[in-house]
Amino acid sequence: MRTSTVLLDRDFTIGQTDPRLFGAFIEHLGRCVYGGIYEPGHPTADAQGFRQDVMELVREIGPTIMRYPGGNFVSGYNWEDGVGPVEQRPARLDYAWFSTEPNTFGTNEFIDWCKMSGIEPMLAVNLGTRGPQDAGYFVEYCNHPGGTHYSELRKQHGYEQPHNIKFWCLGNEMDGPWQTCAKTADEYGRIAHEAAKIMKWVDGSIELAACGSSGRKMTTFGAWEDTVLDHTFDHVEWISLHTYLNNYASDTPAFLASPDVMDSFIEEVVAIADSVAARRRSKKRIMLSFDEWNVWYRTRRPREARIIPGWPVAPPILEEIYNMQDALAFGGAAISLLNHADRVRSACIAQLVNVIAPIMTETGGPAWRQTIFWPFANFTNFGHGEVLRAKVTSDTYDTDYFDPAGMDDEVRTKVTGVPYLKLAAVHDGKGGLTLFALNRDLTGEMRMEVDARGMTNLSLVQATTLHDADLDAVNTKANPDRIVPKPLDAVTIAGAHITAILPPASWSIIRLKAD
Ligand code: AHR
């Protein structure tokens, strides 16, 4: 059995997690909205058509912020189509997903749904087919108290009080050739700068996220962030990052190493943002909004996997079925986010329901938890607090099929020195300590020895592990509990020393309490 050691010190911290680190994403895409969170006529739907079975699972996860309405969808979206009397709303062609958008669910329904679930809304404006003026009108509609065209329109629509949306995204993936009205970094930087000015004139209390690269694979990555932040630095608080991990190579060791790409990506974006600040002799620090992250590859290519001909309403696209090893890679990504809590202050799993999601539904039928539901729920429920700077000593492995871009199947390389143990440790400030541990050894148990300096009389609160001998096992409607966390029995504690035996290929959490 391999042994890994972990040294923690209560005083050595990376930073306090921001509540917004634990967010998710709802896009008008496939069955995420229609048949996902919203399905009038469903046996569990309330008067507004919100599925309560889905709502219950969402509450179990407890996401803190919800990004909406896209995604690629937003770059062709007229927000006005989704407000006001439902019978007067137009159906439109959605250029992003080649489907028909009925607009029976829109901004106000989204805000109501967020209120009901206790989640902060995050809105994106369309900087593809539209521009700064429309973005300003949207902020006016949502946040202006009254006495103007759009604020009065909101009142006519039944919302007397402003929604007070604080977090706004300036478009989506504007560097991607697939994006409706994609832009060069200069084109986007200029329009984002002007949109930001107007949006903040309308409401000076909002925070804005500029689009970073769609992924580390983009040939413009790096230069894009540099140019965009040059244009927008004084007007934005955030820059976005997106990563979808993949197992195109069908190589599990490489796949489980892939979350480490997110560590590099984050550190590179921090370096670029801080170099823009340095050029200005500015102490301002741009924070990172990792507003799309997940595993996604089976329903990503070819195009036929994403598009159903005939412009259908809510087609069942991007319905990725996650297996056991996807949950492990996903857990590794959550650890990467925690270990950069000082700069990644906002993040959204993409997406929430049906579309590359932890929650699946059958239209008219039940809802169930995918394998990735479990590491995500662990992350959102127990990840809040001060992340400790863990010193991990672990055997390492090499892999031939590492994807350095985190999103591409053409570029593969050899990587050496991947530690078998990937770990984050979070102290909740009230004596609670949670360890998040990914054992990447596929065949062997791991003895994990943890020294938690500065914490006395530790006792065990809960320890669970997600592990299955079949790494391809999935949860389905017929067998929704095939992959669920089980108790991790092999944990012993002596003072401030913890010993745990982690199963091979497992994601575990160990929750402790100190005096
Ligand atoms: O989450 C699915 C899609 O992935 C989003 O619409 C887009 O932003 C990204 O390319």
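In the block above lies the structure referred to throughout.
Residue numbering note: each chain is counted from 1, following its sequence as written. Confidence filtering applies because this is a predicted model: local features only for residues at pLDDT of at least 70, side-chain atom pairs given and counted only at 80 or more, and all residues used for totals across whole chains, interfaces and linings. Values shown for side chains rest on all heavy atoms present in the structure; no hydrogens or waters enter the calculation.

A.B. asks: Break down the sheet that holds strand E19 (residues 421-427) for me, with residues and values.
C.D. replies: Only strands joined by at least two bridges in the DSSP assignment are considered to pair. For the purposes of this entry, the term helix denotes a DSSP run of H or I that reaches at least four residues, the term strand denotes a run of E that reaches at least two, and both are numbered from the N terminus. With antiparallel pairing, the 7 strands of this open sheet are ordered in space as E2-E15-E19-E20-E26-E22-E23. Taken across any chain shown, the strands that pair with only one partner, and hence form the sheet edges, are strand E2 (13-16) and strand E23 (486-487). Residues count as neighbours in contact if any of their non-hydrogen atoms are within 4.5 Å of one another. Axis definition: a line fitted to C-alpha atoms, limited for helices to the stretch in contact. Angles are taken between N-to-C directions and run from 0 to 180 degrees. Across the sheet, helix H9 (residues 324-338) is in contact with strand E15 (386-388), E19, strand E20 (432-439), strand E22 (459-466) and strand E26 (506-513); its angle to E19 comes to roughly 50 degrees.

A.B. asks: Lay out the packing of aromatic side chains with the relevant residues and their values.
C.D. replies: Two rings from Phe, Tyr or Trp (for Trp, the six-membered ring) form a pair when their centres sit within 6.5 Å of each other. Planes less than 30 degrees apart are called stacked, planes more than 60 degrees apart edge-to-face, and all others tilted. For the structure shown, the criterion picks out 29 aromatic pairs. A centroid spacing of 5.6 Å and a plane angle of 75 degrees characterise the contact between Tyr-248 and Tyr-297, whose relative ring orientation is edge-to-face. In this pair, Tyr-248 sits in the loop between strand E10 (238-245) and helix H7 (252-257) while Tyr-297 sits in the loop between strand E11 (287-295) and H9, placing the two residues 49 residues apart along the sequence. Seen in terms of ring centroids, Phe-436 and Trp-507 are 6.1 Å apart; in terms of plane orientation they differ by 45 degrees. Their pairing is tilted.

A.B. asks: Got a sec to walk through the site of the ligand? Specific residues and values, please.
C.D. replies: Proximity is defined per residue: if any heavy atom of the residue lies within 4 Å of a molecule or strand, that residue is considered near it. As a structural note, the neighbourhood of the ligand is formed by Phe-25, Glu-27, Gly-71, Asn-72, Trp-97, Asn-172, Glu-173, Tyr-244, Glu-292, Trp-296, Gln-351 and Ile-356. Pairing of N or O atoms within 3.5 Å defines a polar contact, subject to two protein rules: one partner must be a possible hydrogen donor and the other a possible acceptor, and residues neighboring in sequence count only if both atoms are side-chain atoms. Separating an oxygen atom of the ligand from a backbone N or O atom of Asn-72 is a distance of 2.9 Å. In the model, an oxygen atom of the ligand is placed 2.7 Å from a nitrogen or oxygen of the Glu-173 side chain. Its free accessible area being 280 Å², the ligand has 97% of it covered by the protein chains. More than half of the atoms belonging to the ligand lie within 2 Å of the grid points that define the largest pocket. Broken down by class, the residue content of the shell around the ligand amounts to 5 nonpolar, 4 polar and 3 charged. Only the protein chains shown count as covering a residue, and every accessible area follows the Shrake-Rupley method with a 1.4 Å probe. Note on definitions: the grid is 1 Å and covers protein atoms alone; a cavity is a set of points where a 1.4 Å probe fits but cannot get out; a pocket is an open set with protein on both sides within 12 Å along at least five of seven lines; lining residues have an atom within 4 Å of a point. Molecules are considered to sit inside a cavity or pocket once more than half of their atoms lie within 2 Å of its grid points. Note that Gly is not counted as nonpolar here; it falls among the polar residues with everything else outside the nonpolar set of Ala, Val, Leu, Ile, Met, Phe, Trp, Tyr, Cys and Pro and the charged set of Asp, Glu, Lys and Arg.

A.B. asks: Describe the pattern of salt bridges, and please don't skip the residues or the numbers.
C.D. replies: Just to be clear on terms, a salt bridge is a Lys or Arg side-chain nitrogen sitting within 4 Å of an Asp or Glu carboxyl oxygen. Applying the stated criterion to the full structure yields 37 salt bridges. A salt bridge links Glu-268 to Arg-216, with the nearest nitrogen and oxygen atoms 2.6 Å apart. Taken together, the residues span a long stretch of sequence, with Glu-268 in helix H8 (residues 259-279) and Arg-216 in the loop between strand E9 (207-210) and helix H6 (223-232) at a distance of 52 residues. Residue Arg-298 pairs with Glu-320 through a salt bridge whose shortest N-O separation is 3.2 Å. One end of the pair, Arg-298, is in the loop between E11 and H9; the other, Glu-320, is in the loop between E11 and H9, with 22 residues separating them in the sequence. Note on classification: 1.4 Å probe, protein chains only; a residue is buried when its accessible area is under 20% of the maximum for its type, exposed when over 50%, partly exposed between these limits. You can call Arg-298 partly exposed: its relative accessible area is 30%.

A.B. asks: So what's going on with the pairing of strand E25 (residues 497-502)? Which residues, and what values?
C.D. replies: Extensive coverage of E25 is indicated by the burial of 5 of its 6 residues. Two elements, strand E24 (residues 491-494) and E25, share 4 bridges in a ladder whose sense is antiparallel. Residue Val-491 lies in a different strand from E25, and its bridge partner there is Ala-500. Counting the residues that bridge the hairpin from E24 to E25 gives 2 residues, and of these Gly-495 lies at a positive phi of roughly 65 degrees.

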